[in-house]
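Spelled out from the first residue to the last, the chains are:
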Amino acid sequence: MIEVHQLEKRYRDTVAVRDLSFSVPPGVVTGFLGPNGSGKSTTMRVIMGLDRPDTGTATINGRPYAELRHPLREVGALLEARAIHPGRSAANHLRFLAQTNGIPLARVDEVLDRVGLSEVARRRVGKFSLGMGQRLGIAAALLGDPGVLLFDEPVNGLDPEGILWVRNLLKGLAAEGRSVFVSSHLMSEMALTADRLVVIGRGALISEGTVEDFIATTAGTSVRVRSPRTAQLRQLLEAQGASVTDDVEALDVRGLDAAQVGEIACAAGIALHELSAQTASLEEAFMSLTSDSVEYHGRASASPVPTGRQAR
Amino acid sequence: MTTLTLGSTTPADLPVGRSRLIASEWTKLRTVRSTWWTLLAMAVVTLGVAAIAGSAVTHNWHTFSPVQRLTFDPTGITLKGLLFSQLIVGVLGVLVMSAEYGTGTIRATLAATPRRGRVLAAKAVVVGALALVAGEVLSFGAFLLGQSLLRAPAAHATLSQPGVLRAVVDGGVAVALLGLFALGLAAIVRHSAGAITTYVGVLLVLPLILQTLPTSFSQPILKFMPLHITNTVTSVVAVGIQGPSLSPWAGIGVLALDAAIAIGIGGTLLVRRDA
Ligand SMILES: Nc1ncnc2c1ncn2[C@@H]1O[C@H](COP(=O)(O)OP(=O)(O)O)[C@@H](O)[C@H]1O
Ligand SMILES: [Mg+2]
């Protein structure tokens, strides 16, 4: 379990993360979604005790990272930048990590086997492909058999085969009861991998909840209606609970489907010149949600209830 | 390699051993080639200088004036090559810290051991120990090799003569202390090039700058310069050395203090700064 509470992190004049609160429960994959530069890597470094927050706290199983005596046994992380000395072999990289946390050295071969690097264990890491380097990073994260795992953009630069492999790995780890926290700037990737989503933009929380909720509230369809009696129609639709925006020539209706809009117009005797369902893609929805995310920073809350907060 | 069978291990299954931070730092140090290259370079140059000095003096002894013969220091001349060990051990000490920043390994290191002071302490133990062993082996090796090439009528030294054993031992100790000083510098500077430049600056350039200043100003400072100290401690006959000097014990004390201050500042910054 990871809990982040009112976190704020500044780098000189950049506010990388502001008033960020969320939690990562065990047993599911929690996606950490936000455009590039939105503060995902910063948040993960703070959770890992590498960067010091200006205010707020981040805890793992209830304790700050610095207080963990054998951190690799509780948390494993694959951070963004490949952080392995190119002159050292894969096995030696894992060996020195194991020694710091009293992990039996037999575990090194075990995790190398798990990620499929047994055959290149003695080869220098500098000769590894991007995918192999990523696998080694994952092996390092799994070394202490931790209950909490963080992965920062783990599929970046991987081929489709590698992406599938990572996706299944993350799901498998969550199915074993671990807390899995994985960042991405791609909504489509998160939709396939994550059960829960923490969405941030410009360092502030936009939404926290299940993926289904997020999709329902953000990527939901809207209905485009054109009519000579726009104002009257709008009143009727809003009376039925729809949210309506005026799009110069047409109305953009959310909360009702095309059939319902047609029925309401017909009952009132209002002629329609256009009635069409609009489907925003997940990616478009995410982008529209985060592009002006700065206006949400005051509303981000620590609500544990999975509610997708929606852009207007 | 597309599928992955996940073991059924739960976190409780993994046996808990003792954390062995020093063993971990030793693993890091011995598993990169730069460590062995720097040690090899130290050996080649230090022993090479001793061999050249020994045989050159033997060949040219007949050209020495009586005063030169009386003040000739057979110990000091064979240990002159330690200067290069002192320079190269700086690279070793720097890389132990700066390569972690250069490659990003520092994040893995500090995530594994959040108590950062202990990380630097463990590094100091392995760097200090390796540099001390290398320094002593090379200091004794250079002395013995040089003496074996100093043939009569040229004067030569033995370890049983007064001050000789101390000079040879101190030569190795100075190498270890300078390695630790370089480690501390790298913890402060965090970049290989910057830290090595700073190290060479303190060791070689600073004394040169001081020598261009009026002696009344430079002389009281010059005796605290590492290069001046290492020259003093590896000498038995103190005639060839310019200006006032610290005693060998005080000199070693100053080198130890330099190392302690650099590591102290480096450790404080390591704990405070973002990784
Ligand atoms: N070490 C740092 N020094 C200065 N600015 C930083 C540093 N790390 C991140 N930032 C800034 O903080 C913001 C968030 O960055 P980051 O956490 O890397 O975002 P993401 O991982 O979501 O792409 C960016 O504006 C970035 O430029
Ligand atoms: Mg990032």
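What counts and what doesn't
- Residues numbered from 1 in each chain as written.
- Chains lettered and ligands numbered in written order.
- Predicted model: local features only at pLDDT ≥ 70, side-chain atom pairs only at ≥ 80, totals over all residues.
- Heavy atoms only, no water.
- Helix = DSSP H or I, 4+ residues; strand = E, 2+ residues; numbered from the N terminus.
- Buried < 20%, exposed > 50% of the residue type's maximum accessible area, 1.4 Å probe, protein only.
- Contact = heavy atoms within 4.5 Å.
- Areas by Shrake-Rupley, 256 points an atom, 1.4 Å probe, with all protein chains shown as cover.
- Lys, Arg positive; Asp, Glu negative; His and termini not counted.
- Charge placed at Lys NZ, Arg CZ, Asp CG, Glu CD.
- Near = heavy atom within 4 Å.
- Polar contact = N/O pair within 3.5 Å; in protein donor to acceptor, adjacent residues only side chain to side chain.
- Buried area = accessible area lost by both parts, 1.4 Å probe.
- Salt bridge = Lys/Arg side-chain N within 4 Å of Asp/Glu carboxyl O.
- Nonpolar A, V, L, I, M, F, W, Y, C, P; charged D, E, K, R; others polar.
- Phe/Tyr/Trp six-rings, centres within 6.5 Å; stacked < 30°, edge-to-face > 60°.
- Pairing = 2+ DSSP bridges.
- Axes fitted to C-alpha atoms, helices over the stretch in contact; angles between N-to-C directions.
- Parallel < 35°, antiparallel > 145°, perpendicular 65-115°, else oblique.
- Left-handed = near helix turned anticlockwise from the far one by under 90°.
- pLDDT = per-residue confidence, 0-100.

A word on the overall build of chain B
Helix and strand content of chain B: 12 helices and zero strands. The order of helices and strands in chain B, counted from the N terminus, is α-α-α-α-α-α-α-α-α-α-α-α. Counting only C-alpha atoms, chain B reaches 85 × 40 × 30 Å along its principal axes. Counting every position in chain B, which comprises 275 residues, the buried fraction comes to 47%. Nonlocal contacts in chain B, meaning residues at least 24 apart in sequence, comprise 77% of its contacts between residues at least 6 apart. With the model as given, the accessible surface of chain B reaches about 12,400 Å², and the carbon-plus-sulfur share is 71%. Here chain B carries 18 positive and 8 negative side-chain charges, and the mean point of each set is 2 Å from the other.

What to know about the overall build of chain A
Counting secondary structure elements, chain A contains 11 helices and 14 strands. By the burial criterion, 53% of the 312 residues in chain A qualify as buried. In the form shown here, chain A has an accessible surface area of approximately 12,900 Å², with 51% of it arising from carbon and sulfur atoms.

A closer look at the site of ligand 1
Residues and elements named next belong to chain A. Near ligand 1, the surroundings consist of Y11, T14, A16, P35, N36, G37, S38, G39, K40, S41, T42 and R45. Here S41 contributes a side-chain N or O atom positioned 2.7 Å from an oxygen atom of ligand 1. R45 has a polar side-chain atom sitting 3.2 Å from a nitrogen atom of ligand 1. A total of 550 Å² of accessible area belongs to ligand 1 in isolation, and the protein chains cover 64% of it. Those elements that place two or more of their residues in the shell around ligand 1 are β2 (14–24) and α1 (40–47). Broken down by element, the shell around ligand 1 gets its largest block of residues, four residues, from α1.

Concerning the interface of chain A and chain B
The interface of chain A with chain B comprises 54 residues on the first partner and 45 residues on the second. For the pair chain A and chain B, the summed buried surface comes to about 3,900 Å²; carbon and sulfur atoms form 55% of the total. Our count for the contact surface shared by chain A and chain B stands at one salt bridge. The shortest N-O distance in the salt bridge between D274(B) and K9(A) comes to 2.7 Å. The interface formed by chain A and chain B includes 15 residue pairs in polar contact (both at pLDDT 80 or more). Secondary structure elements with two or more residues in the side of chain A that touches chain B: β1 (2–11), α2 (71–74), α3 (90–100), α4 (106–114) and α6 (160–175) of chain A. Here the side of chain A that touches chain B is built from residues that sort into 23 nonpolar, 14 polar and 17 charged.

Considering the packing of aromatic side chains
On inspection of all chains with the given rule, the structure shows seven aromatic pairs over all chains. Between W61(B) and F72(B), the ring centres sit 5.5 Å apart and the planes meet at 75 degrees, which makes this aromatic pair edge-to-face. Taken together, the positions of W61(B) in the loop between α2 (33–60) and α3 (66–71) and F72(B) in the loop between α3 and α4 (74–78) put the pair 11 residues apart, joining distant regions of the chain. Here W61(B) and F72(B) have matching classes, each one buried. Aromatic ring contacts, followed pair by pair, group F22(A), F32(A) and F181(A) into a single cluster.

As for the sheet that holds strand β14 (residues 274–278) of chain A
Residue and element names in this part refer to chain A. Overall, antiparallel pairing links the four strands, which are arranged β12-β13-β11-β14 in an open sheet. For this open sheet the edge positions go to β12 (243–247) and β14, each flanked by a neighbour on one side alone. Pairwise comparison of adjacent strand axes, ignoring direction, gives a mean angle of 20 degrees for this sheet. Pairing geometry for strand β11 (residues 222–226) and strand β13 (residues 250–254), over three bridges, is antiparallel. Residue pairing for β13: V223 is matched across the bridge by V253. Of the strands in this sheet, β11, β12 and β13 are in contact with helix α9 (residues 230–239), which crosses β12 at around 160 degrees.

Brief notes about unusual backbone geometry
Omega for the bond connecting A152(B) with P153(B) falls within 30 degrees of zero, at 10 degrees, which places this linkage in the cis form. Within the secondary structure, P153(B) sits in the loop between α7 (116–149) and α8 (164–189). One non-glycine residue, N61(A), lies in positive phi territory at about 50 degrees. Non-glycine residue D145(A) carries a positive phi angle of around 50 degrees. Along the chain, D145(A) falls in the loop between α5 (130–142) and β7 (148–152).

Focus on the pattern of salt bridges
For the structure shown, the criterion picks out 19 salt bridges over all chains. Between R178(A) and D145(A) there is a salt bridge; the shortest N-O distance is 2.8 Å. One end of the pair, R178(A), is in the loop between α6 and β8 (179–184); the other, D145(A), is in the loop between α5 and β7, and 33 residues separate them in sequence. Across the salt bridge formed by E208(A) and R196(A), the nearest N and O atoms sit 3.0 Å from each other. Placement of E208(A) in strand β10 (residues 204–210) and of R196(A) in strand β9 (residues 196–201) is noted, with a sequence separation of 12 residues between them. By the burial criterion, E208(A) is buried, and R196(A) matches it. A cluster of three or more residues bridged by salt bridges with shared partners is formed by E25(B), K28(B), E100(B) and K123(B).

Focus on the side chain of E153(A)
All names here are of chain A. By the element assignment, E153 lies in the loop between β7 and α6. Reaching out from E153, the side chain makes a polar contact with the side chain of H185 at a distance of 3.0 Å. In this view, E153 contacts N36, K40, Q134, S183, S184 and H185; residues no more than four positions away in its chain are not counted.

Considerations on the environment of V225(A)
Of note, V225(A) is situated in strand β11. Beyond its immediate sequence surroundings of up to four residues, V225(A) is in contact with L233(A), A250(A), L251(A), V253(A), V261(A), L272(A), E274(A) and L275(A).

Structural notes on the packing of helix α5 (residues 82–103) of chain B against helix α9 (residues 192–212) of chain B
Packed helix pairs are characterised by how far apart their axes lie and by the angle those axes make with each other. Residue and element names in this part refer to chain B. Across the interface, α5 lies against α9 with an axial gap of 9 Å and an inter-helix angle of 150 degrees. With respect to their mutual orientation, α5 and α9 come out roughly antiparallel. Every pair of crossing elements has a handedness; the one defined by α5 and α9 is right-handed. For the pair formed by α5 and α9, the contact residues are L83, Q86, L87, V89, G90, V91, V94, L95, S98 and A99 on the first element and S192, A195, I196, Y199, V200, L203 and L204 on the second. Taken together, the residues that form the contact of α5 with α9 break down as 13 nonpolar, four polar and no charged.

Quick word on the confidence of the model for chain B
All names here are of chain B. Looking at chain B, the pLDDT average stands at 91 and 92% of residues meet or exceed 70. pLDDT under 50 marks residues 1–11. Its contacts with residues more than four places away, or in other chains, come to 27 contacts. Confidence metrics for the complex model read pTM 0.85 and ipTM 0.88.

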